[in-house]
Amino acid sequence: MVHLKTKEECRLGNETIRVYTVELPSKHAEGILKVIKENIEGQDVIDLQHLRRFAKPKYLPPHWSLPVRKRTEGRPPTLYLLVCPANLISLKDVHDLLLQHPPFCSSADSWAYPLEIKEITVPMLAPTSPEQAAEWSELYWPTFYRKTNPFGAHPSSISKAESELQEPATDNIALPDMMKLAEEAGTATEKLGYGIRTGCVIVERVDDKTEIIAVAGDARLKPLPSETREDASCTSGNVMSHAVMRAVGMIGRKRLRVASSTQARDAFFLDLPLTPLEQQYFERDNLKPDGYLCLKLEIFLTHEPCMMCSMALVHSRVGRVIFEHRMSRTGGLTAEMVRNDTGPVGLGYGLCWRKELNWQFMCWEYTAAEYALREKEKEKARVLNGNDTEGPDEDHPEQNTTTATTICTSNAITGSHDDVNANLGMPSFTSIHV
Amino acid sequence: MVFGPIPNREYHEGFMRKAIEMAELALSSDETPVGCVFVHDGEVIGRGINGTNASLNGTRHAEFVALAEIMAKHPPSILKDTDLYVTVEPCIMCASALRQFGIRAVYFGCLNDRFGGCGGVMTVHSDPGVDPPYPVYGGLFREEAIMLLRKFYVQENNKAPDPKPKKNRELKTEILPITTPNVATPGGGTPSLELNKPILEKAAVAAKAQITQMK
Ligand SMILES: [Zn+2]
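Residues numbered from 1 in each chain as written. Chains lettered and ligands numbered in written order. Predicted model: local features only at pLDDT ≥ 70, side-chain atom pairs only at ≥ 80, totals over all residues. Heavy atoms only, no water.

Asker: Hey, could you run me through the UniProt feature "domain: CMP/dCMP-type deaminase" (unreviewed entry) in chain B in this one?
Answerer: Sites flagged by UniProt as "domain: CMP/dCMP-type deaminase" (unreviewed entry) map to residues 10-120 of chain B. For the annotated span residues 10-120 of chain B, helix accounts for 41% and strand for 23% of the residues, and the straight-line distance between the end C-alpha atoms is 24 Å. (UniProt positions renumbered as here; feature names shortened; annotations may be inferred. Helix = DSSP H or I, 4+ residues; strand = E, 2+ residues; numbered from the N terminus.)

Asker: I would appreciate a short explanation of the state of the cysteines in the present structure.
Answerer: One covalent bond between the sulfur atoms of two cysteine residues makes up a disulfide. Under the definition given, this model contains zero disulfides over all chains. Looking at the unpaired C84 of chain A, the closest cysteine sulfur is the one in C105 of chain A, lying at 19 Å. (Disulfide = S-S within 2.5 Å.)

Asker: Got a minute to help me understand the sheet that holds strand β4 (residues 78-85) of chain A in this structure?
Answerer: Strand pairs in the sheet, formed through backbone hydrogen bonds, run parallel or antiparallel to each other. Residue and element names in this part refer to chain A. Ordered by their spatial adjacency, four strands build an open sheet running β3-β4-β2-β5, and the pairing between neighbours is antiparallel. Strand pairing shows two members of the sheet lacking a second neighbour, β3 (54-55) and β5 (117-123), which therefore form its edges. Judged from the seven bridges that link them, strand β2 (residues 16-25) and β4 form a sheet pairing that is antiparallel. Within the sheet, the bridge partner assigned to Y20 lies in β4 and is C84. Running at roughly 10° to β4, helix α2 (residues 29-39) makes contact with β2, β3 and β4 of the sheet. (Pairing = 2+ DSSP bridges. Contact = heavy atoms within 4.5 Å. Axes fitted to C-alpha atoms, helices over the stretch in contact; angles between N-to-C directions.)

Asker: What's the story with the pairing of strand β1 (residues 35-40) of chain B in this structure? I'm lost.
Answerer: Look at any regular strand and the pattern is simple: side chains alternate between the two faces of the sheet. All names here are of chain B. A large share of β1 lies buried, amounting to six of its six residues. The sheet contact formed by β1 and strand β2 (residues 43-49) spans six bridges and is antiparallel. Within β2, the residue paired with V37 across the bridge is R47. Hairpin connection, β1 to β2: the antiparallel pair is bridged by two residues, and D41 has positive phi, about 50°. By the bridge criterion, five bridges tie β1 to strand β3 (residues 82-88) in an arrangement that is antiparallel. Bridge pairing in β3 places F38 opposite L84. (Buried < 20%, exposed > 50% of the residue type's maximum accessible area, 1.4 Å probe, protein only.)

Asker: I'm lost on the coordination of the zinc ion in this one. Help?
Answerer: Under ideal tetrahedral coordination, the four donors around a metal are separated by 109.5 degrees; under ideal octahedral coordination, the six donors are separated by 90 or 180 degrees. All names here are of chain A. Within the protein, the zinc ion binds to H242 (ND1), C306 (SG), C309 (SG) and V434 (O); these donor distances fall in the range 2.1 to 2.4 Å. Here the zinc ion binds four donor atoms, and the angle range of 97 to 118° at the metal identifies the geometry as tetrahedral. Between the donor residues of the zinc ion, the gaps in sequence give the motif H-x63-C-x2-C-x124-V. Within this pair, whereas H242 is found in the loop between β7 (209-217) and α7 (243-260), its partner C306 is found in the loop between β8 (298-303) and α9 (307-315), the two being separated by 64 residues in sequence. (Donors = N, O, S within 2.8 Å, 3.2 Å for Na, K, Ca; no water. Tetrahedral: all angles 85-135°; square planar, octahedral: opposite > 155°, others 65-115°.)

Asker: I tried to follow the sheet that holds strand β5 (residues 136-138) of chain B on my own but got confused; where do I start?
Answerer: Residues and elements named next belong to chain B. Pairing within the open sheet is mixed, and its five strands lie in the order β2-β1-β3-β4-β5. The sheet is open, and its two edges are formed by β2 and β5, each paired on a single side. When the angles between neighbouring strand axes are averaged without regard to direction, this sheet yields 15°.

Asker: Where do I start with helix α3 (residues 62-73) of chain B in this structure?
Answerer: Because the α-helix completes a turn every 3.6 residues, residues three or four places apart line up on one side. The terminal C-alpha atoms of α3 of chain B lie 18 Å apart, and with twelve residues this matches the ideal 16 Å at 1.5 Å per residue to within 8%. Summarising burial for α3 of chain B: nine of the twelve residues are buried, a large majority. Along α3 of chain B, the residues classified as buried are A62, E63, F64, A66, L67, A68, E69, I70 and M71 of chain B. Residues of α3 of chain B that are buried make contact with α7 and α9 of chain A together with β1, β2, β3 and α4 (92-101) of chain B. (Expected span 1.5 Å × (residues − 1).)

Asker: Could you clarify how one ought to interpret the packing of helix α1 (residues 9-28) of chain B against helix α5 (residues 142-159) of chain B in this entry?
Answerer: Two numbers describe a pair of packed helices, the interaxial angle and the distance between the axes. Residues and elements named next belong to chain B. One way to put it is that α1 packs onto α5 with a least axis distance of 11 Å and a crossing angle of 0°. Comparing their axes, α5 and α1 come out roughly parallel. Contacts from R17, I20, A23, E24 and L27 in α1 reach E144, A145, L148, K151, F152 and Q155 in α5. Counted by class, the contact of α1 with α5 contains six nonpolar, one polar and four charged residues. (Parallel < 35°, antiparallel > 145°, perpendicular 65-115°, else oblique. Nonpolar A, V, L, I, M, F, W, Y, C, P; charged D, E, K, R; others polar.)

Asker: Would you mind showing me how to read the interface of chain A and chain B here?
Answerer: How large an interface is tends to be reported as the accessible area lost when its parts come together. Residue-level contacts link 52 residues of chain A with 43 residues of chain B. Taking both partners together, chain A and chain B bury about 3,900 Å²; carbon and sulfur atoms supply 65% of that area. Here chain A is connected to chain B by one salt bridge. The closest approach of N and O atoms between R60 of chain B and D271 of chain A, which form a salt bridge, is 2.9 Å. Seen at the junction of chain A and chain B, the total is five residue pairs in polar contact (both at pLDDT 80 or more). Of all the secondary structure elements, the ones that give two or more residues to the side of chain A that touches chain B are α1 (7-12), α7 and α9 of chain A. Residue contributions to the side of chain A that touches chain B peak at seven residues, all from α7 of chain A. Tallied by class, residues from the side of chain A that touches chain B come to 22 nonpolar, 18 polar and twelve charged. (Buried area = accessible area lost by both parts, 1.4 Å probe. Salt bridge = Lys/Arg side-chain N within 4 Å of Asp/Glu carboxyl O. Polar contact = N/O pair within 3.5 Å; in protein donor to acceptor, adjacent residues only side chain to side chain.)

In structure tokens form, the structure reads like this:
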């Protein structure tokens, strides 16, 4: 499983700032730092805690090409000091300031330390991984990774979640089984002609014990009382019956039932069970009483949800989301828009972690090794058969260049999920809102 | 322009009046007062009030309640010739649903600067995407829409068990003028809240924050 980058991480991760640096003998380091702290205002405004204040020459980026000096040359050891951001004070003023203090002032040994202030570029914001810190240290200035992340979930929360999901306690269902159940939910409604084989599983974790509390497949194509099957107009079907909306609806209904043993009255919503699989989990009163919406629940999805469903997860206050197939043209969770190696990867909404919304949750893309193997097998079968009769391609969205805008009748969707058909005038699965 | 001139304004005000009536109904049933009607060929084909509290479902917004009613009687394709009148700008979720359904146009009262999907926070109605965008027109009975929200927050506050400072229990009647809402940001970019913070419905939000704080 790969944790998704947040919008902020994508947007701000590479912002830089100009700062002054100066080389000075180690024994004067503290003295000069004091001078800077006392005389240059506004240093608290910008947080540069992720950068070393003093750096030994040998830790500076290779492109500085500093001469290698040996102690035997009789020169005392020196350090490089990160003075302050360049926008706080002019180069001339900082120069004048340092000239007033040892070792740069006109005292006995000042001749040995010509004052040379250098303006350099450094990363403005803290790195979000040790790898990034190492990369930045090579490129800009020695950088710390402090195991914090101002733009997303705290790294320790992410690793705790990952270990809970990947190494489940005894009796808890394993992640691949959860993903398989989501797939089965989608297949079950698809078989009935109700949906497009996308599925959703909702799990509650109480004291390290997990409980599956809702399972739903997509039902956008379930014939409505009003509808005749030959309604052949291009349609997205009943948009409100995407798998996520149905699963979230089931949770609300269950809560009502557990709290008051009354049924919700609005029969217009398709969030009652439609398949035996959905029924099996819906009928169990296995959720914690007095819960609120889907607060901190865990959501397992076959596909990255659309904007509607992504925002429904925000409104429902979910805790963790894991989806298998990225939907690069319709998905609402991915914040990344382009990758160097694969090109476009998403719309860039990143709804799982937007600071302007009132709720954030962790989100992963599921990348099981078994899954990769299975795909390889499928690919092999495809090549052997010489045609594309099976197998979605939505995990390779970058190959798709069609511009279908809507999906057509139920048969067009349920009959095929292949982009191959896009060439025949049928829409591709990658343009579908999941 | 979300708050641009609306051609044939009186006609649209007639339907927004019905949406306001729905919002009043929500207020009297202790739901956040948001109401809407869907209009096809000059006729109301669906109406809804926010129902998140009664359903214990955070997605049961007025638009969804109305859409579910419409789906029971009409094929989804009817929405391509249907307009929505809603007292508060649709949220990001509803804005996306409406676009997937192919709604013809959306008329709303006040901006939703916490969750708005049609200019308040994001611009889901017009961002690049696989479905055609739809036009939005804001500002119909805006003051009334805001006052309904404020009444709700004051009502909720007065129901809270412990006594509150008097100022939070009084209804503020001053309404700030319209400022420029967020402009479109293709690709789901962040409409820069810091630079261009929508301050329209702030009073209501502030009131709500006070209530939450006190609970
Ligand atoms: Zn969806």
